[in-house]
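Each chain, written out:
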Amino acid sequence: MPAPAKSDIQAFWKSLYDSLYEDVDAGLTRADLMAALDDLEDMFRYREHLAVVEMPLAELAGKKVLEIGPGAGGHSALFAKHGARMTSVDLTNARARATEAKFRLMGAEGCHALQGDAENLPFADDSFDIVYSNGVLHHTADTEKAFAEVYRVLKPGGKAVILLYCKSSWHYWINMVLPVGILQGKLFKDRNWLGKATEWGGKNRQTVANPFTRCYTADGIRRLFQGFESLTMRKGEFYWYLVPKLGRLYRKYQIKRYGTHPGGVLVYGEPWPIQSPLELALGKIMGFAWHISARKPTR
Ligand SMILES: C[S@@+](CC[C@H](N)C(=O)[O-])C[C@H]1O[C@@H](n2cnc3c(N)ncnc32)[C@H](O)[C@@H]1O
């Protein structure tokens, strides 16, 4: 598939930002943000998310952490709250600005967000203790180049903490390949069918399509992390409500039965429908997210 133009990628993420977060961010006060960060951490702990499992929150104080693709900045703000010296780089200017605004609101000294590209990071070699990226590097055209950059800017012994989409998952095969790829025939007609099948959402009808998504097998992850050491990967994130058609009914039941968690507001623009214990267990076997950590060898 030809590489999408960076401007198309930026236009998509800007439109999704406007739709998902603009009104959440508009009225945000410092007190709201600090309370929302407590909720976010609590939600991540329930889900055993990368941001609290692979990310050593208790050891972040004073560490130089780079987040690639912070989106509206919820994860970066959480790490800043735990004392990390954050640098956050997003290709989409609106998202870099939203992240910077959160740092300023919380008075996070030494934390900054800027516009930049994962494939050409504007930092010297060996700069960061941790590079964190949640659901971003599968949306950039040259993922290998982005990983070479992650490696380059990490200090020797530094840690990469990365979430990428998982191909060996229920969501990929049952919710997307079967109904969209095969039954709707898009696998054979549209080279970007996977991009269009992922990353929908927001309060407004989407008018800009997501230009790019990749999913990875375990071997694909091992290839991307060649040169790193101490690689760990585990699956997570399974939702019945993503099953086409029937999922909508389940979502209503799920919200009635398990409720919603306010921790979703900063990162999804709305409360998160709480996963059932069964979904959490299934996520470990066939979830759509690889939670990955690896180290750059010390020389
Ligand atoms: C799915 S959102 C993830 C946002 C955030 N990490 C989160 O989990 O809430 C993807 C983000 O990656 C950014 N992005 C996409 N390609 C990028 C690239 N090459 N370099 C830096 N950021 C990129 C987009 O602008 C968007 O904000």
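Residues numbered from 1 in each chain as written. Predicted model: local features only at pLDDT ≥ 70, side-chain atom pairs only at ≥ 80, totals over all residues. Heavy atoms only, no water.

**Thoughts on the UniProt feature "domain: Methyltransferase type" (unreviewed entry) in the protein chain**
When the UniProt feature table is mapped onto this chain, "domain: Methyltransferase type" (unreviewed entry) is found at residues 66-162. Strand forms 30% of residues 66-162 and helix 34%; the C-alpha atoms that close the span are 12 Å apart. (UniProt positions renumbered as here; feature names shortened; annotations may be inferred. Helix = DSSP H or I, 4+ residues; strand = E, 2+ residues; numbered from the N terminus.)

**Re the packing of helix 3 (residues 30-47) against helix 5 (residues 93-106)**
Look at helix 3 against helix 5: their axes get within 9 Å of each other, and the N-to-C directions meet at 105°. Taken together, the axis directions place helix 3 and helix 5 in an arrangement best described as roughly perpendicular. Contacts between helix 3 and helix 5 involve Arg 30, Leu 33, Met 34 and Leu 37 from the former and Lys 102, Leu 105 and Met 106 from the latter. The residue inventory of the contact of helix 3 with helix 5, partitioned by class, reads five nonpolar, no polar and two charged. (Axes fitted to C-alpha atoms, helices over the stretch in contact; angles between N-to-C directions. Parallel < 35°, antiparallel > 145°, perpendicular 65-115°, else oblique. Contact = heavy atoms within 4.5 Å. Nonpolar A, V, L, I, M, F, W, Y, C, P; charged D, E, K, R; others polar.)

**Section: the state of the cysteines**
Taken as a whole, this structure holds zero disulfides when the rule is applied. Not engaged in a disulfide, the cysteine Cys 215 finds its nearest cysteine sulfur in Cys 166; these two sulfurs lie 7.9 Å apart. Look at Cys 215 and you get buried, because its relative accessible area is 11%. (Disulfide = S-S within 2.5 Å. Buried < 20%, exposed > 50% of the residue type's maximum accessible area, 1.4 Å probe, protein only.)

**Describing the pattern of salt bridges**
Within this structure, the stated rule accounts for 16 salt bridges. Measuring nitrogen to oxygen at the nearest pair gives 2.9 Å for the salt bridge that ties Asp 25 to Lys 102. Here Lys 102 lies in helix 5 and Asp 25 lies in helix 2 (residues 22-26), a separation of 77 residues in the sequence. Just as Asp 25 is buried, Lys 102 falls in that class too. Between Arg 222 and Asp 219 there is a salt bridge whose closest N-O contact spans 2.6 Å. In this pair, Arg 222 and Asp 219 are both assigned in helix 10 (residues 218-224), three residues apart and thus about one turn of the helix distant. We classify Arg 222 as partly exposed; its relative accessible area is 45%. A relative accessible area of 45% places Asp 219 in the partly exposed class. One network of salt bridges, in which partners are shared, links Lys 6, Asp 117 and Glu 119. (Salt bridge = Lys/Arg side-chain N within 4 Å of Asp/Glu carboxyl O.)

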